[in-house]
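Next come the chains, spelled out residue by residue.
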Amino acid sequence: MQYYRPSTLEQALALLAEDPDARCIAGGATLVAMMNADLVQPSALVSLKGISELQGIRATSDGLTIGAMTRHEVVSKEVRLTGRLEVVRMAAGNIGHPPIRSVGTIGGSISHADPAADYPTALVAAEAQIEIMSQNGRRLVPVHEFFISYYTTALEPGEMVTAIHLAAPPSGSVSAYCKVGRTEGDFATVSVAFSGAFVDGQCTAASVAIGGCGEAPIRSPEANALLIGAFVDSDCVAQAAEALVNACDPLDDVRGSADYRRLLVRRLLPRVFSQASQNAA
Amino acid sequence: MTGYDNLTPRMPGEAPEQEPRIDAVIGQSVLKIDGPAKVSGAAVYTDDLKRPRMLHGALLGSPYPHARILGYNTSAARALPGVKAVLTAEDLPVQNIGAAVCDEPILARGKTRYVGEPIAAVAAVSVAIARAAVQLIEIEYEELPAVFDAEEAMALGAPIIHEDAGSYARATEAPFADNMVAHMELETGDVDKVWAECDHIIEGEYAIPAIHAQYMETCGALAELDNSGKLIVWCSTQSIFLTQLSIASALQIPMSKVRCITPAVGGGFGAKFGSVEPITAALTLATRRPVKLVLSRDEDMSMMRTRHAAKIRMKTGARADGTLLCRDIDIILNGGAYADLSPLVLECSILLAHGPYRIPNVRTVGRVAYTNRLRAGAFRGFGVMQPTFAGESQLDELAAKLQIDPIDFRIRNAMQSGDYNMGSHHIPSCHLAECLESIQSHPDFIAASAERVGPTGRKRGVGISSVTQQSGLFSSSAAVRVAEDGTLVLNTGYIDIGTGSDTSLAQICAGTLGLGVEHVNVVAPDTDGVAYDFGTASDRASRGVSESVYRASLAVKQKLFEFASVMLQCPPDRLELRPGGRVGIIEAPEAELPFSAIVQWGLYAGNGPIIGTHAYYMQEQKINHVQTRSVGFRMGGGVWYGYGATAVQVEVNEDTGQVEVIAAWHAHDVGRVINPDGARGQVYGGVAQGISGALYEELVWDNGHLTNPSLMDYKIVGAPEVPHRIHAILLENRLPDSPYGAKGFAEPTIIGVAPAIANAVANAVGARVRTLPITAERVLNTLSVS
Amino acid sequence: MAERQSIELHINEETHVVSPDTGNTLLQVLRSTLSLTGTKRGCNQGVCGACTVLRNGVPARSCLTLAVECDDEEITTIEGLAPNGKASIVQQAFVKVGAPQCGFCMPGMVLVATALLREHSNPDQAEIREALSGNLCRCTGYVKIAEAIELAAEQLV
Ligand code: FES
Ligand code: FES
């Protein structure tokens with residue numbers, strides 16, 4: 001297996017273009033575990049650690065850009081992630097354990113596309129845009145189109161995730177995040193991420209995503225529409241949960257049955273919604 | 001390693017600054033002798049060893065739960081550069097091994113009986129090549145129908161897993177048939193007659209899953225040939241002698257040609273009674289080179305052993321005044337594809353299924369089945385944990401019906417010293433009621449019992465369980481020699497797998513001879529040593545082994561006195577031991593000799609070396625056939641019972657069903673604490689492991705394939721899941737015939753945790769979960785039913 | 001940029017030049033190439049923490065770290081905490097409270113504790129449990145490990 005450590009993005013993209021079986025290595029948390037278990041055998045590894053363009057969080061004219069190599073720990077402490085973007089910070093703080101957060105990166109995590117992981121759900125709620133580059137250029141993909149299926153993303157051969165773009169949060173917007181796992185640091189049995197806004201206790205904007213309940217984060221425009229205009233005790237909240245349940249396609253696995261997951265969606269959505277409304281107040 | 005003031009050795013024979021008691025080290029939190037090595041990375045475990053020209057082993061596991069092996073093609077694997085040997089059953093003697101039933105080939109022969117069963121082994125110059133070679137082995141199979149459930153396996157028409165079961169040698173007299181490994185019954189009183197006298201009866205079915213011990217160090221071995229052609233096998237095992245025996249018999253070589261040694265062992269919890277040692281030894285014999293084979297976590301989880309999954313049907317009756325009258329129990333254990341220690345585990349299940357209570361009428365019927373799953377074997381709690389979960393759950397349900405406090409109910413029915421277990425086995429010392437009372441009156445427990453909701457409004461509850469377990473099996477021995485400088489060499493063959501036994505045994509030896517533990521050289525377990533020991537099980541360190549060490553030390557004392565009497569010209573009965581390793585004349589402070597002078601006199605002028613030995617067998621308690629009817633039951637080894645109680649406080653999230661343990665109490669009559677810090681450590685560990693099994697752990701198979709063979713998918717508790725507050729209450733009611741009065745206690749600390757949690761969940765939210773683990777999902781399902 | 005390349009690892013203040021395969025983890029290099037066997041392999045999947053080392057001072061799982069990624073980095077293994085056999089305060093505290101049982105998790109635990117106490121001189125129980133949350137121990141129930149950290153914190157002030 002070849003190992004490359006380019007110092008510029010350009011070099012990295014050239015290497016990926018040359019060898020379609022090469023894999024990028026970011027923090028390594030996921031990729032090395034898979035290599036240890038013989039689940040992947042890349043022909044070459046392109047290390048991203050020397051590429052400064054991929055590091056860190058920058059304010060842009062219309063929001064924030066998180067470099068693909070930004071570690072979970074850094075995101076979990078980023079004070080500029082406020083309002084409807086705070087959900088991303090909350091998710092980052094929920095990933096695994098401190099030694100995982102100090103190594104794992106946001107680009108690595110979302111490229112792995114485990115639907116039970118924390119970031120995908122939060123980024124869908126926050127309506128992020130994924131910046132993807134290859135030698136042929138740069139494209140932006142809305143995050144819900146980025147996650148296609150279990151461990152499958154919209155990345156084409158030769159492409160890599162370079163950044164996550166988050167539109168500046170409207171003032172007064174809020175977030176809430178809730179994850180149920182078996183133990184602390186586990187992947188989600190179910191997670192619910194909410195970004196939105198409230199005025200006088202009434203929801204004025206809503207974007208919900210559910211993790212662990214299907215091949216990709218679950219979203220439901222119908223659920224979002226039901227929540228807009230709702231108060232914490234409105235019947236609409238339960239209806240929105242039902243809409244989300246209908247959009248889910250959970251599996252039975254060691255973390256819980258499909259039925260249990262549906263039940264959790266029904267129970268967690270009102271909790272998250274009311275948490276968000278409290279955060280707004 | 002240096003740097004610890006209290007480890008700076010004083011030379012033996014030097015008088016200590018102030019004169020302590022001879023046995024000053026007994027009951028002291030003496031620092032563990034292996035502590036410094038273990039915190040500095042210096043402790044050596046099997047996988048840390050490296051030998052010249054060493055090869056690496058790898059195993060091929062069966063892809064099918066049940067299949068006939070039609071043929072092997074190993075030529076591609078053999079042709080891979082770097083491969084030195086490829087073994088299948090065809091290369092090995094036709095010989096099964098198995099402690100209770102001789103039913104298991106070290107590599108599958110003719111048939112494979114579970115997914116993961118080792119079927120071929122490779123030795124190569126690197127791990128990578130060995131693993132690559134394994135992938136090149138082609139095996140032709142004919143898949144056979146498989147059966148995974150114990151009851152289905154014993155039903156008529158089930159696929160037969162061992163066609164030759166009738167011809168296997170057995171160390172058990174229990175009846176067996178087809179897929180039934182053993183059937184046993186134990187009955188006292190007249191169960192059927194007394195139901196009519198019961199005012200309240202509780203009946204239920206309980207399910208306990210298979211779990212894995214998850215010792216942090218996976219199983220492994222390193223074998224090589226010494227100058228005389230003897231196999232030396234370093235292994236991570238709980239018994240070097242059983243391991244030596246299994247290697248010798250599997251490979252059909254004399255035991256004199258096998259030497260087993262244990263370096264540090266990274267946990268066992270019962271489940272390390274023999275693993276890959278015979279296969280590793282076979283690879284060494286085939287290559288004449290050292291071979292190391294260490295399993296990966298997923299291999300260990302699919303190839304080694306589990307705790308028995310159980311289904312228990314139980315019915316308990318009591319009078320309105322709170323007297324237990326009757327209990328009827330049916331136990332079905334899933335033994336997996338090979339018997340391993342299943343018959344013994346069943347025996348212990350049967351023996352204690354009625355709990356530590358005076359119940360005059362008890363009937364227990366137990367069966368263990370072969371299935372096409374990973375074998376089940378010894379595991380902390382050895383067969384007692386499963387029926388205790390059922391029995392202690394039922395006691396709370398009965399207490400609710402009777403409107404009695406669950407602890408009062410238990411105290412009222414608790415066994416007492418002098419009682420007979422199942423009408424047969426004498427119990428010299430039982431302080432269960434005291435254990436229960438010590439929790440009941442614990443201020444934190446009183447406060448917890450009154451607390452119905454937690455700070456966030458979630459419901460809280462408390463639960464209790466009594467605990468009992470038999471302990472002290474089979475044989476042990478000790479040899480103590482005095483070295484020229486007056487220090488001691490202690491050889492037992494007993495393996496400290498993390499229980500602190502090296503330190504506590506050193507304390508017994510040192511305390512008997514007036515020295516400090518730093519003067520005791522605890523010899524690493526080695527079958528070439530002089531002492532024999534059955535293995536690390538059943539809290540044997542505190543019973544059989546310590547007895548041997550104590551008596552061997554007394555024998556040394558006697559020799560010291562004998563020699564000193566000649567040297568000091570004074571009759572032995574006028575001599576005394578003095579702290580620090582001296583023998584002196586009573587009331588003559590100046591007249592004394594250090595051990596070094598005495599031993600050197602023996603070596604060079606007098607009566608030879610000073611060596612004390614003792615061999616011990618824990619006397620078997622027989623069934624009294626007048627009081628007790630039995631089928632297939634023969635308690636091999638001794639039977640001695642210990643008692644304790646566990647309580648927990650839980651908080652239940654009624655939205656998600658998640659259960660959090662807020663606090664735990666474990667009270668145990670330990671007889672005498674030899675090392676308080678060590679003892680508390682054992683309690684904490686047992687309780688945490690109990691929480692883990694109660695709430696999270698389960699091996700899940702799908703058509704015979706393990707679906708969660710990693711610590712990612714199979715969860716055990718981390719620090720956040722274990723309460724900060726675990727109260728270890730150690731009660732000391734000394735056992736008269738035990739050295740310093742100690743009783744075993746470490747193993748059973750796990751037993752009461754699951755029932756206590758089930759009872760606490762019921763106490764908090766009214767949901768009675770009868771299936772382990774008590775997952776969030778099960779709690780919610782039960783809540784929605786009730 | 002070859003299959004094997006020579007890298008420099010600064011381990012416990014000594015520089016080692018090694019040439020691992022790209023796929024070799026730091027854990028493999030430490031244990032097999034450098035015989036630093038105090039770093040343990042419990043799972044090789046990043047779950048147990050037995051393989052913890054300090055990478056530039058921060059606890060990291062050496063089984064999830066490729067050796068080539070550590071070129072020119074500072075690595076501290078358990079052997080590095082007691083140069084010349086003089087145990088650190090944290091190690092002494094672990095021994096004093098009797099934390100080690102089987103000991104297999106201990107190198108990882110001691111390193112995590114060391115890193116925690118460098119960051120927070122006086123951690124509370126919650127911070128201690130959080131710091132330990134990525135390291136599994138099957139023997140101790142974590143109680144005495146947490147006790148050891150409290151004791152070490154007292155002694156470090
Ligand atoms: S061996 Fe690295 S985390 Fe388990
Ligand atoms: S001491 Fe055994 S795993 Fe921690």
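Residues numbered from 1 in each chain as written. Chains lettered and ligands numbered in written order. Predicted model: local features only at pLDDT ≥ 70, side-chain atom pairs only at ≥ 80, totals over all residues. Heavy atoms only, no water.

Draft legend 1. Molecular detail of the overall build of chain B. What chain B contains, in helices and strands, is 19 helices and 31 strands. Against the 2.2 N^0.38 benchmark of 28 Å for 786 residues, chain B shows a C-alpha radius of gyration of 27 Å, consistent with a compact globule. C-alpha atoms of chain B, sized along the principal axes, occupy 80 × 75 × 55 Å. Split into buried and exposed, the 786 residues of chain B put 66% on the buried side. Here the analysis covers contacts within chain B between residues at least 6 apart in sequence; of these, 79% occur between residues at least 24 apart. For chain B, the exposed surface amounts to about 25,700 Å²; the carbon and sulfur share of it is 50%. Taking the 65 positively charged and 86 negatively charged side chains of chain B as two groups, their mean positions are separated by 2 Å. (Helix = DSSP H or I, 4+ residues; strand = E, 2+ residues; numbered from the N terminus. Rg over C-alpha atoms; globule rule 2.2 N^0.38 Å. Buried < 20%, exposed > 50% of the residue type's maximum accessible area, 1.4 Å probe, protein only. Contact = heavy atoms within 4.5 Å. Areas by Shrake-Rupley, 256 points an atom, 1.4 Å probe, with all protein chains shown as cover. Lys, Arg positive; Asp, Glu negative; His and termini not counted. Charge placed at Lys NZ, Arg CZ, Asp CG, Glu CD.)

Draft legend 2. How the structure looks around the interface of chain A and chain C. Listed per partner, the contact involves 26 residues of chain A and 27 residues of chain C. For the interface between chain A and chain C, the tally reads two salt bridges. The residue C:E73 makes a salt bridge to A:K49 at a minimum N-O spacing of 2.2 Å. The interface formed by chain A and chain C holds twelve residue pairs in polar contact (both at pLDDT 80 or more) in total. Those elements that place two or more of their residues in the side of chain A that touches chain C are β1 (2-4), α2 (29-36), β3 (44-47) and α5 (98-101) of chain A. At five residues, α2(A) tops the list of elements feeding residues into the side of chain A that touches chain C. In the side of chain A that touches chain C, the residues fall into 15 nonpolar, seven polar and four charged. (Salt bridge = Lys/Arg side-chain N within 4 Å of Asp/Glu carboxyl O. Polar contact = N/O pair within 3.5 Å; in protein donor to acceptor, adjacent residues only side chain to side chain. Nonpolar A, V, L, I, M, F, W, Y, C, P; charged D, E, K, R; others polar.)

Draft legend 3. Geometry of the environment of A:V87. Residue and element names in this part refer to chain A. When you line up the elements, V87 lands in helix α4 (residues 86-94). Linking V87 and A193, residues 106 residues apart in sequence, is a C-alpha distance of 6.7 Å. Non-local contacts of V87, meaning those with residues more than four positions away in its chain, are made with A122, A126, S175, A176, Y177, A193, F194 and S195.

Draft legend 4. Up close: the pattern of salt bridges. Enumeration according to the criterion identifies 64 salt bridges over all chains in this entry. Salt-bridge contacts for A:E131 lead to A:R138; the nearest nitrogen and oxygen are separated by 3.1 Å. Assessed through its relative accessible area of 10%, A:E131 is described here as buried. B:E397 is paired through a salt bridge with B:R768; the nearest N and O atoms lie 3.9 Å apart. Here B:E397 is found in helix α10 (residues 385-402), whereas its partner B:R768 is found in the loop between α18 (753-765) and α19 (776-785), with 371 residues between them in sequence. B:E397 sits in the buried class, given a relative accessible area of 16%. The class of B:R768 is buried, set by a relative accessible area of 14%. Taken together, the shared-partner salt bridges in this structure form one network comprising B:D47, B:D48, B:K292, C:R31 and C:K40.

Draft legend 5. Representation of the domain arrangement of chain A within the structure. All names here are of chain A. Partitioning chain A into domains gives domain 1 (2-167) and domain 2 (177-280). For domain 1 versus domain 2, the separation of C-alpha centres amounts to 25 Å. Between domain 1 and domain 2, the residue contacts involve 24 residues of the former and 25 residues of the latter. A combined buried area of about 2,000 Å² lies between domain 1 and domain 2, and 58% of that area is made up of carbon and sulfur atoms. The shortest N-O distance in the salt bridge between K179 and D118 comes to 3.1 Å. At the junction of domain 1 with domain 2, the criterion picks out ten residue pairs in polar contact (both at pLDDT 80 or more). Put simply, the parts of the chain that give the side of domain 1 that touches domain 2 at least two residues each are α4, α7 (118-125) and β8 (147-149). Of all the elements, α7 adds the most residues to the side of domain 1 that touches domain 2, at six residues. Classifying every residue of the side of domain 1 that touches domain 2 gives 14 nonpolar, six polar and four charged. (Domains from an automatic or database assignment. Buried area = accessible area lost by both parts, 1.4 Å probe.)

Draft legend 6. Just the domain arrangement of chain B, in detail. Residue and element names in this part refer to chain B. Per the domain assignment, the segments of chain B are domain 1 (5-31 + 474-617), domain 2 (50-144 + 219-294) and domain 3 (376-472 + 639-785). Each of domain 1 and domain 3 has a C-alpha centre, and these two points are 38 Å apart. Opposite the 26 residues of domain 1 that make contact, domain 3 presents 23 residues. The contact between domain 1 and domain 3 buries some 1,800 Å² in all, and 51% of this surface belongs to carbon and sulfur atoms. In this assembly, domain 1 and domain 3 are joined by zero salt bridges.

Draft legend 7. Representation of the sheet that holds strand β11 (residues 173-180) of chain A. Residues and elements named next belong to chain A. Strand order in the open sheet formed by three strands is β11-β12-β13, and the pairing between neighbours is antiparallel. Only two strands of the sheet have a single neighbouring strand rather than two, namely β11 and β13 (202-211). Across the sheet, the mean angle separating the axes of adjacent strands is 15° when strand polarity is ignored. Of the pairings in the sheet, the one linking strand β12 (residues 190-199) to β13 comprises nine bridges and is antiparallel in character. Residue S191 lies in a different strand from β13, and its bridge partner there is G211. (Pairing = 2+ DSSP bridges. Axes fitted to C-alpha atoms, helices over the stretch in contact; angles between N-to-C directions.)

Draft legend 8. The arrangement of the side chain of B:E217 in detail. Counting through the fold element by element, B:E217 comes out in the loop between β8 (200-208) and β9 (220-225). Residue classification places B:E217 among the buried residues on the basis of a relative accessible area of 4%. With sequence-adjacent residues up to four places away left out, B:E217 is seen in contact with B:Y45, B:T46, B:S236, B:A264, B:V265, B:G266, B:K272, B:R297 and C:F104.

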